[in-house]
Amino acid sequence: MSWTDERVELLKKLWSEGLSASQIATELGEVTRNAVIGKVHRLGLSGRAKSPAPTPARPRSKTERPERPEARPHRPATIGNTALAAEPEEMPEEAPAPAPAPADNVVPMAQRCTIMNLTESTCRWPIGEPGKENFHFCGARSNPGTPYCTTHARMAYQPVQDRRRDRRLAYL
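## Thoughts on the overall build of the protein chain
Piece 1. A count of helical and extended segments in the protein chain gives five helices and two strands.
Piece 2. Along the protein chain, from the amino end to the carboxyl end, the secondary structure elements read α-α-α-β-β-α-α.
Piece 3. When each of the 172 residues of the protein chain is scored for burial, the buried share is 17%.
Piece 4. Long-range pairs, those at least 24 residues apart, make up 41% of the contacts in the protein chain with a sequence separation of at least 6.
Piece 5. For the protein chain, the accessible surface area stands at approximately 15000 Å², while carbon and sulfur atoms represent 54% of it.

If you want it as structure tokens, here you go:
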């Protein structure tokens, strides 16, 4: 199919009348909607006939105004299945104090050791910041073949699936 002068004129006429590209393609025959759109852009046709604007609604008097529905109470967004989710409690006027950070590395004083006291059978899990006065190692009895005790081995050797799931939950 080639764009003859007659077909181009018909395209311009139909486009200015406000027909869609699909309708123009059907009217012209042997041409696709995309071909019509391409030709319209190449011709630089941008102005289209506007459909008549809807008549503006007449202003209502104050007595005719519909009542606004009451605002719904704010509910926090939940993710996932909410069938067993607890009902949200009403927000207290004062924000609760932040919870203390969990102490996941609590090691008895007698068990703690320095780098000088480490052996092959002691847990080498570092606790604290190196170079600081309170830095130490766990010192508990380590599992055979690993440098850590049972608790710290679970923290150090997480299955790949669990790490990915935990990482996803951290971003939610």
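## Side note on the nonpolar core
Piece 1. Among the nonpolar cores identified, the biggest contains 10 residues, and these are Leu11, Leu14, Trp15, Ala21, Ile24, Ala25, Leu28, Val31, Val36 and Val40.
Piece 2. Secondary-structure elements contributing two or more residues to this core are helix H1 (5–16), helix H2 (21–28) and helix H3 (33–43).
Piece 3. Per element, the largest residue contribution to this core is four residues, and it comes from H2.
Piece 4. Excluding residues that lie within four positions of it along the chain, Ala25 makes contacts with Val31, Thr32, Arg33 and Val36.
Piece 5. Core analysis: the second largest hydrophobic core is formed by eight residues, Ile127, Cys138, Ala140 and Cys149 among them.

## As for the side chain of Ser142
Piece 1. Structurally, Ser142 can be placed in the loop between strand S2 (136–137) and helix H4 (150–156).
Piece 2. Of note is the side chain of Ser142, whose polar atom sits 3.4 Å from the backbone oxygen of Glu120.
Piece 3. Apart from the residues within four sequence positions on either side, Ser142 is in contact with Glu120, Ser121, Thr122, Cys123, Pro147, Tyr148 and Cys149.

## Considerations on the pattern of salt bridges
Piece 1. Enumeration over the complete set of coordinates arrives at two salt bridges.
Piece 2. Linking Lys12 and Glu9 is a salt bridge whose minimum nitrogen-to-oxygen distance equals 3.9 Å. Taken together, the residues Lys12 and Glu9, both in helix H1 and three residues apart, mark about one turn of the helix.
Piece 3. Assessed through its relative accessible area of 47%, Glu9 is described here as partly exposed.
Piece 4. Of the charged contacts in the structure, one is a salt bridge between Glu17 and Lys13, with a shortest N-O distance of 3.2 Å.
Piece 5. Residue classification places Glu17 among the partly exposed residues on the basis of a relative accessible area of 43%.

## A few points about the packing of H1 against H3
Piece 1. At a closest axis distance of 11 Å, the pairing of H1 and H3 adopts a crossing angle of 90 degrees. By the criterion of interaxial angle, the relationship of H1 to H3 is roughly perpendicular. Within the contact between the two elements, H1 uses Val8, Leu11, Lys12 and Trp15 and H3 uses Val36, Lys39, Val40 and Leu43.
Piece 2. Residue classes in the contact of H1 with H3 are distributed as six nonpolar, no polar and two charged.

## Things to note about unusual backbone geometry
Piece 1. A positive phi angle, close to 55 degrees, is found at Glu30, a residue other than glycine.
Piece 2. Exposure remark for Glu30: the relative accessible area of 72% places this residue in the exposed category.

Conventions and cut-offs
Residues numbered from 1 in each chain as written. Predicted model: local features only at pLDDT ≥ 70, side-chain atom pairs only at ≥ 80, totals over all residues. Heavy atoms only, no water. Helix = DSSP H or I, 4+ residues; strand = E, 2+ residues; numbered from the N terminus. Buried < 20%, exposed > 50% of the residue type's maximum accessible area, 1.4 Å probe, protein only. Contact = heavy atoms within 4.5 Å. Areas by Shrake-Rupley, 256 points an atom, 1.4 Å probe, with all protein chains shown as cover. Core = buried A, V, L, I, M, F, W, Y, C linked by side-chain atoms within 4.5 Å. Polar contact = N/O pair within 3.5 Å; in protein donor to acceptor, adjacent residues only side chain to side chain. Salt bridge = Lys/Arg side-chain N within 4 Å of Asp/Glu carboxyl O. Axes fitted to C-alpha atoms, helices over the stretch in contact; angles between N-to-C directions. Parallel < 35°, antiparallel > 145°, perpendicular 65-115°, else oblique. Nonpolar A, V, L, I, M, F, W, Y, C, P; charged D, E, K, R; others polar.

These figures come from the coordinates and say nothing about function on their own.
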